[in-house]
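The chain contents come next:
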Amino acid sequence: MDPQQLTPEQQKEMEEKLKNMSPEELMEFQKQQCIFCQIISGKIPSKKIYEDDKVLAILDINPAAKGHILLLPKEHYAIMPQIPEKEIGNMFVIAKRMSKLILKVLKVSGTNIFVANGLAAGQKVQHFMIHIIPRKEGDGILEAEGKLIDEEMRGKVKSLIEEKFNELLGVKKKVLQVEAESSDEEKEEPEEDGEERKEEKKKPSKKGKKKINKKKVVKEKKENKVEEENDDKDEEEEDDGGNASLDDIANLFK
Amino acid sequence: MKCEHCDIVERRSKIEILYEDEEVVVAIKDLSITPGQITVFPKQHFTILEGVPENILEKCSLIANKIGIAVFESLGSQGTNIMIQNGLGAGQKVPHFAIEVVPRVENDGINLTWEAKQLPEDEMETAFMTLEQGMKDLDSVEEKEVERKDEKGKDKKIAKEDDKDNYLLKSLRRIP
């Protein structure tokens, strides 16, 4: 609904309504107004490239280049800091697949993965999205020139950001430590496999006592496991060698 | 091959590291679109996005998000751009995958944008059909990879059981 089409009375009424809304109601109202929420619910048609229960990837109707894909979380979030971590990771993994797809089927020499958080960063709609943009040299897309930043300035930036960033990481570390302390005498879960058990023996203090604790600890271990699996995958990909176009793009640097 | 990011990891560069762990490095590089730009990259050398393992990509994206939050709160930015330049044609300068976090303020004159095009409907439709078909092909290739991996996994399990047997045999032999 375009606010300019409302009469002054209607506009006043609307403002009054917005003021009296609870945060939940306001969120709901935003969703109702959001074009991308309507695309996700199917009220507005779109060209869908990929869909699962968390995300939707569609073609941008006003693209930077042919094949420009928008990757959207199905839940309404305005900016990246609002999104749960698990979903951010998942979205970047899917963005990688979309990029791979573009590099394979369109004749381009690169892709940009691009996020704009906030009006000042050029965000145009209130629904978070990752742009996956097919690129060719000289196409004039996202071509901001870099400048040299002197050491003094870099030092300043470092000292300003470091504390906040460590705080963001540090909070997590503290929580894990508390968990470890509060959960010393718990027995292992039967479904864990041999490798994890070995680790359990090495670090007995990390056994979870409460269910929530346990989940987090197990998750941490899973991460370790995933790493190993991925190492295998790497080797396999190298063995593969069939992925000519991607290799070409990677090899251009050599 | 010389790689600026590997040089940073191995301390052969003057560029300061803001954070590092076993897999990810965060650095403030000297060539930036704007002061305060932060670069997040995997420690291991991967040239392009497509080569980065999922768990490392996830970790990089989460750290980039945290850097974004830190930038919002400590540099007084009004926005951030999170950007991956993937391939020479996309403006990638260093042959080592990285996520750039660019702090933004209103009217900062930074040209991180593009001209939105209105493509003819038939052109959009061909692009859509090409990508749709490509997606199906990609899915089937990945399914096959998963199947193959499963088989590999089985082999490994068998091998492990063998090891176990060997271990038992060895310890049996040790019994006087």
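1. Structural notes on the overall build of chain A
Part 1 of the argument: Within chain A, the regular secondary structure consists of 8 helices and 6 strands.
Part 2 of the argument: Its helices and strands taken in sequence order, chain A reads α-α-α-β-β-β-α-β-β-β-α-α-α-α from the N to the C terminus.
Part 3 of the argument: The buried share of chain A, reckoned over its 254 residues, is 41%.
Part 4 of the argument: Total accessible area computed for chain A in this model is approximately 15400 Å², and 52% of it derives from carbon and sulfur atoms.

2. Focus on the overall build of chain B
Part 1 of the argument: From N to C terminus, chain B includes 3 helices and 6 strands.
Part 2 of the argument: Reading chain B from its N terminus to its C terminus gives the helix and strand order α-β-β-β-β-α-β-β-α.
Part 3 of the argument: The proportion of buried residues among the 176 residues of chain B is 49%.
Part 4 of the argument: Total accessible area on chain B stands at roughly 9300 Å², and carbon and sulfur atoms take up 52% of it.

3. A word on the sheet that holds strand 5 (residues 79-86) of chain B
Part 1 of the argument: An order of 1(A)-2(A)-3(A)-5(A)-4(A)-5(B)-6(B)-4(B)-2(B)-1(B) is seen for the 10 strands of this open sheet, with the pairing classed as antiparallel. Each edge of the open sheet is held by one strand with a lone partner, namely strand 1 (48-51) of chain A together with strand 1 (17-20) of chain B. Taking the axes of each pair of neighbouring strands and ignoring which way they run, one obtains an average angle of 20° across the sheet.
Part 2 of the argument: Seen against the sheet, helix 2 (residues 54-74) of chain B touches strand 4 (110-117) of chain A together with strand 1, strand 2 (24-27), strand 4 (38-42), strand 5 and strand 6 (99-104) of chain B and runs at an angle of roughly 165° to strand 4 of chain B.

4. Some thoughts on the interface of chain A and chain B
Part 1 of the argument: In this complex, chain A contributes 88 residues to the contact, which on the side of chain B involves 93 residues.
Part 2 of the argument: When chain A packs against chain B, the two sides together hide about 8400 Å² of surface, and 64% of this comes from carbon and sulfur.
Part 3 of the argument: Linking chain A with chain B are 8 salt bridges.
Part 4 of the argument: The salt bridge partner of A:Lys47 is B:Glu121, with a shortest N-O separation of 3.1 Å.
Part 5 of the argument: Remark: the boundary between chain A and chain B carries 29 residue pairs in polar contact (both at pLDDT 80 or more).
Part 6 of the argument: Going through the elements one at a time, strand 1, helix 4 (85-105), strand 4, strand 5 (130-135), strand 6 (147-148), helix 5 (151-181), helix 7 (211-240) and helix 8 (244-251) of chain A are the ones with two or more residues in the side of chain A that touches chain B.
Part 7 of the argument: A per-element tally of the side of chain A that touches chain B places helix 4 of chain A first, with 16 residues.
Part 8 of the argument: Grouping the constituent residues of the side of chain A that touches chain B by class yields 44 nonpolar, 16 polar and 28 charged.
Part 9 of the argument: One ladder, built from 7 bridges, connects strand 4 of chain A with strand 5 of chain B; its direction is antiparallel. Pairing of A:Thr111 across the sheet is with B:Asn86, part of strand 5 of chain B.

5. Some points on the pairing of strand 1 of chain A
Residues and elements named next belong to chain A.
Part 1 of the argument: Two strands pair when backbone bridges link them, and strand 1 and strand 2 (residues 55-59) are joined in this way by 3 bridges, in the antiparallel orientation. When the bridges of strand 2 are listed, Lys 48 appears paired with Ile 58.
Part 2 of the argument: Linkage of strand 1 to strand 2, two consecutive antiparallel strands, is achieved through a turn of 3 residues.

6. Points about a positive patch on the surface
Part 1 of the argument: Together, A:Lys66, A:Lys107, A:Lys136 and B:Lys117 make up a positively charged patch on the protein surface.
Part 2 of the argument: Counting through the fold element by element, A:Lys107 comes out in the loop between helix 4 and strand 4.
Part 3 of the argument: Judged by relative accessible area, A:Lys107 falls into the exposed class, the value being 78%.

7. Brief notes about the packing of aromatic side chains
Part 1 of the argument: For the coordinates displayed, the defined rule picks out 2 aromatic pairs over all chains.
Part 2 of the argument: Ring plane angle 80° and centroid distance 5.6 Å describe the contact between A:Phe114 and B:Trp114, whose orientation is recorded as edge-to-face. Within this pair, whereas A:Phe114 is found in strand 4, its partner B:Trp114 is found in the loop between strand 6 and helix 3 (121-174), the two belonging to separate chains. No difference in accessibility class separates A:Phe114 from B:Trp114, as the two residues are buried.
Part 3 of the argument: Where A:Phe165 meets B:Tyr19, the ring centres are 5.4 Å apart and the plane angle is 85°; that geometry is what we call edge-to-face. With one member in each of two chains, A:Phe165 in helix 5 and B:Tyr19 in strand 1 form a pair that bridges those chains.

8. With respect to the nonpolar core
Soluble globular proteins: nonpolar side chains tend toward being buried together.
Part 1 of the argument: Of all hydrophobic cores here, the largest spans 61 residues; its most connected members are A:Ile49, A:Ile130, B:Ile38 and B:Ile67.
Part 2 of the argument: A per-element tally of this core places helix 4 of chain A first, with 10 residues.
Part 3 of the argument: Mapped onto the domain boundaries, this core takes at least three residues apiece from domain 1 (19-141) and domain 2 (151-199) of chain A.
Part 4 of the argument: Every residue in contact with B:Ile67, bar those within four places of it in the chain, is listed here: A:Phe165, B:Leu18, B:Val26, B:Ile38, B:Val40 and B:Val101.

9. So, the packing of helix 4 of chain A against helix 2 of chain B
A pair of packed helices is characterised by two quantities: the angle between their axes and the separation of those axes.
Part 1 of the argument: Here helix 4 of chain A crosses helix 2 of chain B at 125°, and the two axes come no closer than 8 Å. Comparing their axes, helix 2 of chain B and helix 4 of chain A come out oblique. Seen from above, helix 4 of chain A lies across helix 2 of chain B with right-handed handedness. Contacts between helix 4 of chain A and helix 2 of chain B involve A:Glu85, A:Ile88, A:Gly89, A:Asn90, A:Phe92, A:Val93 and A:Lys96 from the former and B:Glu54, B:Leu57, B:Glu58, B:Ser61, B:Leu62, B:Asn65 and B:Lys66 from the latter.
Part 2 of the argument: Among the residues forming the contact of helix 4 of chain A with helix 2 of chain B, the class breakdown is 5 nonpolar, 4 polar and 5 charged.

10. Examining the confidence of the model for chain A
Part 1 of the argument: Confidence in the prediction of chain A, expressed as mean pLDDT, is 77, and 66% of residues score 70 or more.
Part 2 of the argument: Ignoring residues within four places in sequence, the model shows residues 184-243 of chain A, a span with pLDDT below 50, making 65 contacts including any to other chains.

11. A word on helix 4 of chain A
Part 1 of the argument: In this model, helix 4 of chain A (21 residues) spans 31 Å end to end at C-alpha, consistent with the 30 Å of a helix rising 1.5 Å per residue.
Part 2 of the argument: Across the 21 residues that make up helix 4 of chain A, a large majority, 16, are buried.

12. Observations regarding the pattern of salt bridges
Part 1 of the argument: Taken as a whole, this structure holds 24 salt bridges over all chains when the rule is applied.
Part 2 of the argument: For B:Glu20, the salt bridge is made with B:Arg11, and the minimal N-O distance between the two is 2.6 Å.
Part 3 of the argument: With its nearest N and O atoms 3.2 Å apart, the salt bridge here joins B:Lys59 to B:Asp21. One end of the pair, B:Lys59, is in helix 2; the other, B:Asp21, is in the loop between strand 1 and strand 2, with 38 residues separating them in the sequence.
Part 4 of the argument: When its relative accessible area of 11% is taken as the criterion, B:Asp21 is described as buried.
Part 5 of the argument: If you follow the salt bridges from partner to partner, you end up with A:Arg97, A:Lys100, B:Asp139 and B:Glu142 in one network.

Thresholds applied
- Residues numbered from 1 in each chain as written.
- Chains lettered and ligands numbered in written order.
- Predicted model: local features only at pLDDT ≥ 70, side-chain atom pairs only at ≥ 80, totals over all residues.
- Heavy atoms only, no water.
- Helix = DSSP H or I, 4+ residues; strand = E, 2+ residues; numbered from the N terminus.
- Buried < 20%, exposed > 50% of the residue type's maximum accessible area, 1.4 Å probe, protein only.
- Areas by Shrake-Rupley, 256 points an atom, 1.4 Å probe, with all protein chains shown as cover.
- Pairing = 2+ DSSP bridges.
- Axes fitted to C-alpha atoms, helices over the stretch in contact; angles between N-to-C directions.
- Contact = heavy atoms within 4.5 Å.
- Buried area = accessible area lost by both parts, 1.4 Å probe.
- Salt bridge = Lys/Arg side-chain N within 4 Å of Asp/Glu carboxyl O.
- Polar contact = N/O pair within 3.5 Å; in protein donor to acceptor, adjacent residues only side chain to side chain.
- Nonpolar A, V, L, I, M, F, W, Y, C, P; charged D, E, K, R; others polar.
- Patch = residues over 30% accessible without salt bridge, like charges linked within 9 Å, V, L, I, M, F, W, Y side chains within 5 Å.
- Lys, Arg positive; Asp, Glu negative; His and termini not counted.
- Charge placed at Lys NZ, Arg CZ, Asp CG, Glu CD.
- Phe/Tyr/Trp six-rings, centres within 6.5 Å; stacked < 30°, edge-to-face > 60°.
- Core = buried A, V, L, I, M, F, W, Y, C linked by side-chain atoms within 4.5 Å.
- Domains from an automatic or database assignment.
- Parallel < 35°, antiparallel > 145°, perpendicular 65-115°, else oblique.
- Left-handed = near helix turned anticlockwise from the far one by under 90°.
- pLDDT = per-residue confidence, 0-100.
- Expected span 1.5 Å × (residues − 1).

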